[in-house]
Amino acid sequence: MSTLLRTRCTVDADGRITFRLSPPEAARPELVLVLRPKKGRPEETTHTLGLEPHGDDGEFHTVLEPGPRLAEGRWDVYLRPGPDTGRERLRPGPRDVRALVDGGLRDRPSPVAVRVPYTTEDGFLAIRTWLRPAHAEAGPLVIADGAMTVRARLHGAELTNGAEVLLRLRTDRDTVLTVPARPAAEGGGTFSFTVAYGELTGAGSRTWDVFLRPGGDAPSVRIGRLLDDVADRRGVFVYPRVTVGGSAVRPYYTVDNDLSVEVNAAS
């Protein structure tokens, strides 16, 4: 089988993904989604979808419904032509992800489940998934006067009085900087917060991870940006470094699209 075999996919607002492809010599084809294991670990989780004929042109299709929810991670997409055959990774055809662009504007119940089809660095089709009890979606981030101000919206939990944003030092989780989470006038879980860069500097390099504590006894929620069509945000949303004293401070999105702030010695 050719490694150029491609599949089209379309995502709707509920996370439903429809796949269409024309597998050659397929007796009973299946689409196999494989959760990519950590380096050095074997595959443990797969999800199989039967492909059905669609039209008279030899095309097959299948639908990945919103449930069951897929575990968080990266799922590689394979074709298995028949029950007794091997499988082959698929390359992407056209990907229609327009329904995801405004995903942060809709209310998301708990658990917050997200799926974004994307092209891997080596040119294959994969699906980036997130599955969290609650999520705080970061919106506009403004850097001015030695501080960053972020507007965000909480999904899957309730924002209450006394909500706070926590910046937790990655190398020492007991070191935490707290700033107020200011509810927005329009409600709906929208809030903003401001962090002065000077509060984050210190000896050596350090990284701060950003969380929301919604209030009451609710557990903290990671702040990030997941609810659109960008699977890997780190190289897309790039913010400038600001020099504060002898340190250079820069917010960034991690490999999981979570918001963090890095502090390094100014060059």
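Conventions adopted
- Residues numbered from 1 in each chain as written.
- Predicted model: local features only at pLDDT ≥ 70, side-chain atom pairs only at ≥ 80, totals over all residues.
- Heavy atoms only, no water.
- Core = buried A, V, L, I, M, F, W, Y, C linked by side-chain atoms within 4.5 Å.
- Buried < 20%, exposed > 50% of the residue type's maximum accessible area, 1.4 Å probe, protein only.
- Helix = DSSP H or I, 4+ residues; strand = E, 2+ residues; numbered from the N terminus.
- Contact = heavy atoms within 4.5 Å.
- Salt bridge = Lys/Arg side-chain N within 4 Å of Asp/Glu carboxyl O.
- Phe/Tyr/Trp six-rings, centres within 6.5 Å; stacked < 30°, edge-to-face > 60°.
- Lys NZ or Arg CZ within 6 Å of the ring centre and 35° of its normal.
- Pairing = 2+ DSSP bridges.

Chemist: For the nonpolar core, give the residues involved together with the corresponding values.
Modeler: One recurring pattern in soluble globular proteins is that nonpolar side chains are buried together. Core analysis: the largest hydrophobic core is formed by 32 residues, its most contacted members being Val165, Leu167, Phe191, Phe193, Leu200, Leu212 and Ile223. Of the residues forming this core, the biggest block, four residues, is contributed by strand 13 (residues 147-155). Those residues in contact with Phe193 that lie beyond four places of it in its chain are Met148, Thr149, Val150, Val165, Val179, Pro180, Arg182, Val210, Ile223 and Leu259. Counting 31 residues, the second largest nonpolar core, distinct from the first, contains Ile17, Val114, Val116 and Ile127.

Chemist: I'd like a rundown of the pattern of salt bridges, residues and numbers included.
Modeler: Taken as a whole and assessed by the stated rule, the structure comprises 24 salt bridges. Ionic pairing is found between Asp232 and Arg74, a salt bridge with its closest N-O pair at 2.6 Å. Here the residue Asp232 occupies a position in the loop between strand 19 (221-224) and strand 20 (242-244), and Arg74 occupies one in strand 7 (residues 73-80), the gap between them amounting to 158 residues. On the basis of relative accessibility, which here comes to 35%, the residue Asp232 falls in the partly exposed class. Of the charged contacts in the structure, one is a salt bridge between Asp228 and Arg225, with a shortest N-O distance of 3.9 Å. Judged by its relative accessible area of 8%, Asp228 is buried. One network of salt bridges, with partners in common, ties together Glu72, Arg132, Arg170, Asp209, Arg222 and Asp258.

Chemist: For the packing of aromatic side chains, give the residues involved together with the corresponding values.
Modeler: Applying the stated rule across the entire model yields three aromatic pairs. Aromatic side chains Tyr239 and Tyr253 sit 6.4 Å apart centroid to centroid with 50 degrees between the ring planes, which places their arrangement in the tilted category. With Tyr239 in the loop between strand 19 and strand 20 and Tyr253 in strand 21 (residues 247-253), this residue pair connects regions lying 14 residues apart in the sequence. Assigned by exposure class, Tyr239 and Tyr253 land together as buried. Put simply, the rings of Phe237, Tyr239 and Tyr253 pair up and form one aromatic cluster. Positioned above the aromatic ring of Tyr78 is the side chain of Arg87, whose terminal nitrogen or guanidinium carbon lies 4.2 Å from the ring centre. Note that Arg233 overlies the ring of Phe237, its terminal NZ or CZ placed 4.8 Å from the centroid.

Chemist: Can you tell me about the sheet that holds strand 5 (residues 52-53), naming the residues and giving the values?
Modeler: Pairing in this open sheet of five strands is mixed, and the strands run 5-6-2-1-9 from one edge to the other. Each edge of the sheet is formed by a strand with only one pairing partner; in this case those strands are strand 5 and strand 9 (91-96). Relative to strand 9, strand 1 (residues 6-11) is paired through four bridges, and the arrangement is parallel. Bridging from a neighbouring strand, Thr10 pairs with Asp96 of strand 9.

Chemist: So what's going on with the environment of Pro83? Which residues, and what values?
Modeler: Relative to the helices and strands, Pro83 resides in the loop between strand 7 and strand 8 (88-89). A C-alpha to C-alpha distance of 8.3 Å links Pro83 and Glu30, two positions 53 residues apart in sequence.

Chemist: Describe unusual backbone geometry, and please don't skip the residues or the numbers.
Modeler: The bulk of non-glycine residues show a negative phi, and the bulk of peptide bonds are trans. Residue Gly67 is joined to Pro68 through a cis peptide bond whose omega torsion reads 5 degrees. Inspection of the secondary structure puts Pro68 in the loop between strand 6 (60-64) and strand 7. At the junction of Ser110 and Pro111, the peptide bond is cis and its omega measures out at -5 degrees in the coordinates. Relative to the assigned elements, Pro111 resides in the loop between strand 9 and strand 10 (112-119). The residue Asp145 is not glycine, and still its phi comes out positive at about 55 degrees. Residue placement: Asp145 occurs in the loop between strand 12 (135-144) and strand 13. Overall, the relative accessible area of 82% leaves Asp145 in the exposed class. Positioned with a positive phi, Asn257 is a non-glycine residue whose angle comes to about 65 degrees.

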